[in-house]
Amino acid sequence: MKIAMVGSGYVGLVSGACFADFGHDVVCIDKDQAKIDALHRGVMPIYEPGLDALVDTNVKAGRLTFSTDLPSAIAGALAIFIAVGTPSRRGDGHADLTFVHAVAREVGEALAGDAVVVTKSTVPVGTGDEVERIIADSGAAARGHRFSVVSNPEFLREGAAIGDFKRPDRIVIGAEDEFGREIMREVYRPLFLNQAPILFTNRRTSELIKYAANAFLATKITFINEMADLCEKVGADVQDVARGIGMDNRIGPKFLHAGPGYGGSCFPKDTLALLKTSEDYDSPTRIVEAVVKANDTRKRAMGRKVIDALGGLEQARGKKVALLGLTFKPNTDDMRDSPAIAVAQTLTDAGVAVTAYDPEGMEQARPLLPQVTMADDPYAAIDGADAVAIVTEWDAFRALDLDRVKAIAKAPVLVDLRNIYNPADMRAKGFAYSSIGRGSPAANGMSGGL
Ligand SMILES: NC(=O)c1ccc[n+]([C@@H]2O[C@H](COP(=O)([O-])OP(=O)(O)OC[C@H]3O[C@@H](n4cnc5c(N)ncnc54)[C@H](O)[C@@H]3O)[C@@H](O)[C@H]2O)c1
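Some thoughts on helix H15 (residues 339–349)
Within H15, eight of the eleven residues are buried, which leaves it mostly tucked inside the rest of the structure. Those residues of H15 that sit buried are Pro 339, Ala 340, Ile 341, Ala 342, Val 343, Ala 344, Thr 346 and Leu 347. Check the buried side of H15 and you find it contacts helix H13 (286–309), strand S9 (320–324), strand S10 (353–357), helix H16 (362–368) and strand S12 (387–390).

Structure (C-alpha cells):
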C-alpha cells in the first residue's frame, strides 16, 4: 500500500521509516526544505537511536522516499497521515492546530482519488470533525472522492521510538466508517501478525485516549516527585517507596522515578491542552490542574536545590556550576520544555555561571540557553566548577571517574537530580552529595540503594 506521511519530525520520520520496513511504499513529506534535502543526503534531521540505519535500508530498498511537494507526493496514497506539530498556542495553552488545518486544506485541494486521512498528531477532541470539514470544503467532496478521517494517536517514546513503534503496547484507531477501519487494518496488518493489541473505537474517544494517557503518566511522575519531597522531610527513601508501591500490580513499577519534573515535547503541552478542553466543556480535571502547577514549580525548585548546595543565594553569586545533561531525557536531542532550561535559568538569575555538556542536545540547547557555556565533554564542564549537577541520566554520566571529578572541580559538590549514584558511596568518596527524596544521611546509608 502507498502511504503518505505529512510531517517528517520525531513522529513522522520514525513512523514512515517503520511502515516502509513493514513493506509499505512510503513517502515522507515536509515543508522544511532543509530537512528533506538532508534526508536525501542520508543525514538524519533528528537524533533517534537506530533511525539512520532503518532509513538507509528502506531508501535503498526503494520503499522510502522524501518530498516537499505534497500534491504530487500524495497521489495514489490510500493512507495519508498527518504528523505535524501541535504545540501550545501562545497565551492560552490550547493546542495550536494551524499546521494540522493547513495540511487538511492542502490534502483536500490535492486529493485525486479515494483515501483515508489519518491524524497521528496529538489533537484535541473534535479535531477529526474539523479536518473532515476542511477536506470536504477544499474541494475533495465536490470532486466526488471518497475519503474518511481517522484518528490514530502515536504513543512512541523518543529514544526508544523504533522499538515502541514496531512492538507497541497497543494501537488505537478511532474511525467512523468501514472504509476507514478497512484501510487501517491493512496499514497495521504486519503488526496484527505480531499480535499487537489493537483498539478500534470512535474518533473522539481515540483523540481523548491520547490526552488521558499522557495526563495519567504525568500524574504518576508528579505523584512520586511529591512523595520524594516528603521523603526528604521525614527521612525516608523515595526509591524504596517506589519499589514498595510498584510491586503492587495495580500500580506497576514504571514511571515512578523521582526527578526534576517532567518535560519534553508532549507532557507539558498535552496536559495544558487537556485542561483547556475541560474548561471548554465545563468539566473540570482538577487532578491534572494540580499536576501542571506542581510540575511547573518543581523545575525552578531544582535550580534552588543546586543553589542550596552552593551554600545559599548569597554564597552562590559568582560561583560556577557544571550541568551534566540538557535534553529532557537521555537518547534524544530534544530540548522542548526540558527541566534543564528552568534549572539553568534559575542559576543564572542568581548570578551563577553555568557550563554544560550533553551528548546529543547541545546544538538544540544553544539558542535556548545563550547564557550557558557549552563544553566539549563532561570533564571540561566540571573543570573549576563549585558544584556539579546531573540533570539528565545519560549513560555517559553513570560511571563518571569520580576521582578525576574531585581533582578538577573546585569543590566536591554533586547534586544528582536523577538519583543515579548511591548516597552512601558518594559520601564515602568525600562528596557533598544531594539527590532527590533520599531522606537523611542515615536513611540513605541504610537503603539498599543502587
Ligand atoms: N515527539 C514525540 O515523542 C511524540 C510522541 C507522540 C505523539 N507526538 C505528537 O506527534 C506530533 C508531531 O510531533 P513531532 O515531535 O514529530 O513534531 P516535530 O516538530 O518534530 O515534526 C513536525 C514536522 O512537521 C512539519 N510540518 C509542519 N507543517 C507542515 C506542512 N504544512 N506540511 C508538511 N510538513 C509540515 C515540520 O516542518 C516538522 O518537520 C505532535 O502532535 C506531537 O504531540 C509526538
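Next, the rest of the story.
Some thoughts on the site of the ligand
Taken together, the neighbourhood of the ligand is formed by 26 residues, with Gly 7, Gly 9, Val 11, Ser 121 and Thr 122 sitting nearest. Secondary-structure elements contributing two or more residues to the shell around the ligand are helix H1 (10–21) and helix H5 (98–110). Here the shell around the ligand is built from residues that sort into eleven nonpolar, nine polar and six charged.

Brief notes about the packing of helix H12 (residues 267–280) against H13
Following both chains from N to C, one finds H12 and H13 inclined at 140°, their axes separated by 10 Å at the closest point. Viewed along their axes, H12 and H13 adopt a mutual orientation that is oblique. Judged by the twist between their axes, the crossing of H12 over H13 is left-handed. Where H12 abuts H13, its residues Thr 271, Leu 272, Leu 274 and Leu 275 lie against Val 288, Glu 289, Val 291 and Val 292. Partitioning the contact of H12 with H13 into residue classes produces six nonpolar, one polar and one charged.

Points about the domain arrangement of the chain
Quite often, the size of an interface is put as the accessible area lost when its parts meet. When cut into domains, the chain gives domain 1 (2–201) and domain 2 (213–446). Centre-to-centre, using C-alpha coordinates, domain 1 lies 34 Å away from domain 2. Listed as interface residues are 17 residues of domain 1 and, on the opposing side, 17 residues of domain 2. Within the side of domain 1 that touches domain 2, the residues separate by chemical class into nine nonpolar, five polar and three charged.

So, the pairing of strand S6 (residues 147–151)
Within S6, five of the five residues are buried, which leaves the element mostly enclosed by the surrounding structure. With burial as the criterion, each face of S6 is covered, one bearing Phe 147, Val 149 and Ser 151 and the other bearing Ser 148 and Val 150. Across five bridges, the pairing between strand S5 (residues 115–119) and S6 is parallel. Bridged to Val 116 within S6 is Ser 148. The β-α-β motif built from S5, the intervening helix H6 (residues 127–140) and the parallel element S6 has right-handed crossover chirality.

Here we look at H5
When the terminal C-alpha atoms of H5 are compared, their 18 Å separation across 13 residues agrees well with the 18 Å that a helix rising 1.5 Å per residue should span. Along H5, the positions that sit buried rather than exposed are Val 100, Val 103, Ala 104, Val 107 and Gly 108. Buried residues of H5, viewed axially, fall in a sector of 135°; they line one side. Among the structural elements, strand S1 (2–6), strand S4 (79–82), S5 and H6 are those in contact with the buried residues of H5.

Brief notes about the packing of H13 against H15
Relative orientation of the contacting elements H13 and H15 amounts to 50°, with a least axis distance of 8 Å. When the interaxial angle is binned, H13 and H15 end up oblique. The handedness of the crossing between H13 and H15 is right-handed. Facing Lys 299, Arg 300, Met 302, Gly 303, Arg 304, Val 306 and Ile 307 of H13, the residues of H15 in contact are Pro 339, Ala 342, Val 343, Gln 345, Thr 346 and Leu 347. Along the lines of polarity and charge, the residues of the contact of H13 with H15 split into seven nonpolar, three polar and three charged.

What to know about the sheet that holds S10
As summarised here, the arrangement of the six strands in space is S11-S10-S9-S12-S13-S14, forming an open sheet in which the pairing is parallel. At either end of the open sheet lies a strand with only one pairing partner, and these are strand S11 (373–374) and strand S14 (432–434). Of the strand pairs in this sheet, S12 and strand S13 (residues 413–416) are connected by three bridges, and their pairing is parallel. Residue Ala 389 lies in a different strand from S13, and its bridge partner there is Val 415. Packed onto the sheet, H13 meets S9, S12, S13 and S14 and runs at close to 160° relative to S13. Across the sheet, H15 is in contact with S9, S10 and S12; its angle to S9 comes to roughly 180°.

Examining unusual backbone geometry
If you check the backbone angles, Asp 337 has positive phi at about 55° while not being a glycine. Positionally, Asp 337 belongs in the loop between S9 and H15. According to the C-beta neighbour criterion, Asp 337 is buried, with 21 such atoms within 10 Å. Its identity is not glycine, yet Asn 419 carries a phi of approximately 55°, on the positive side. Looking at where Asn 419 falls in the secondary structure, it is placed in the loop between S13 and helix H19 (423–428).

Observations concerning the nonpolar core
One finds Ala 4, Val 6, Ile 80, Val 117, Leu 323, Val 388 and Ala 389 to be the most contacted residues of the largest nonpolar core, which totals 126 residues. Residue contributions to this core reach at least three from each of two domains, namely domain 1 (2–201) and domain 2 (213–446). Val 6 has contacts with Ile 29, Leu 70, Ile 80, Phe 81, Ile 82, Ala 83, Val 84 and Val 103, leaving out every residue within four places of it along the chain.

So, the pairing of S12
Judged by which residues are buried, S12 turns out to be covered on both faces: Ala 387 and Ala 389 on one side and Val 388 and Ile 390 on the other are all buried. The pairing of S9 with S12 spans four bridges and is classified as parallel. Within the sheet, the bridge partner assigned to Leu 323 lies in S12 and is Ala 389.

What to know about the environment of Phe 397
Assignment of secondary structure puts Phe 397 in the loop between S12 and helix H18 (402–408). Of the residues examined, Phe 397 has 22 C-beta atoms within 10 Å and is grouped as buried. Excluding anything up to four places from it in sequence, Phe 397 contacts Leu 324, Gly 325, Pro 378, Ile 390 and Ile 420.

The rules behind the values
- Residues numbered from 1 in each chain as written.
- Predicted model: local features only at pLDDT ≥ 70, side-chain atom pairs only at ≥ 80, totals over all residues.
- Buried ≥ 20, exposed ≤ 12 C-beta atoms within 10 Å, placed from the backbone.
- Helix = DSSP H or I, 4+ residues; strand = E, 2+ residues; numbered from the N terminus.
- Contact = placed C-beta atoms within 7 Å.
- Near = placed C-beta within 6 Å.
- Nonpolar A, V, L, I, M, F, W, Y, C, P; charged D, E, K, R; others polar.
- Axes fitted to C-alpha atoms, helices over the stretch in contact; angles between N-to-C directions.
- Parallel < 35°, antiparallel > 145°, perpendicular 65-115°, else oblique.
- Left-handed = near helix turned anticlockwise from the far one by under 90°.
- Domains from an automatic or database assignment.
- Pairing = 2+ DSSP bridges.
- Right-handed = clockwise from strand over helix to strand, strands pointing away.
- Expected span 1.5 Å × (residues − 1).
- Arc of directions from axis to C-beta.
- Core = buried A, V, L, I, M, F, W, Y, C linked by C-beta atoms within 7 Å.

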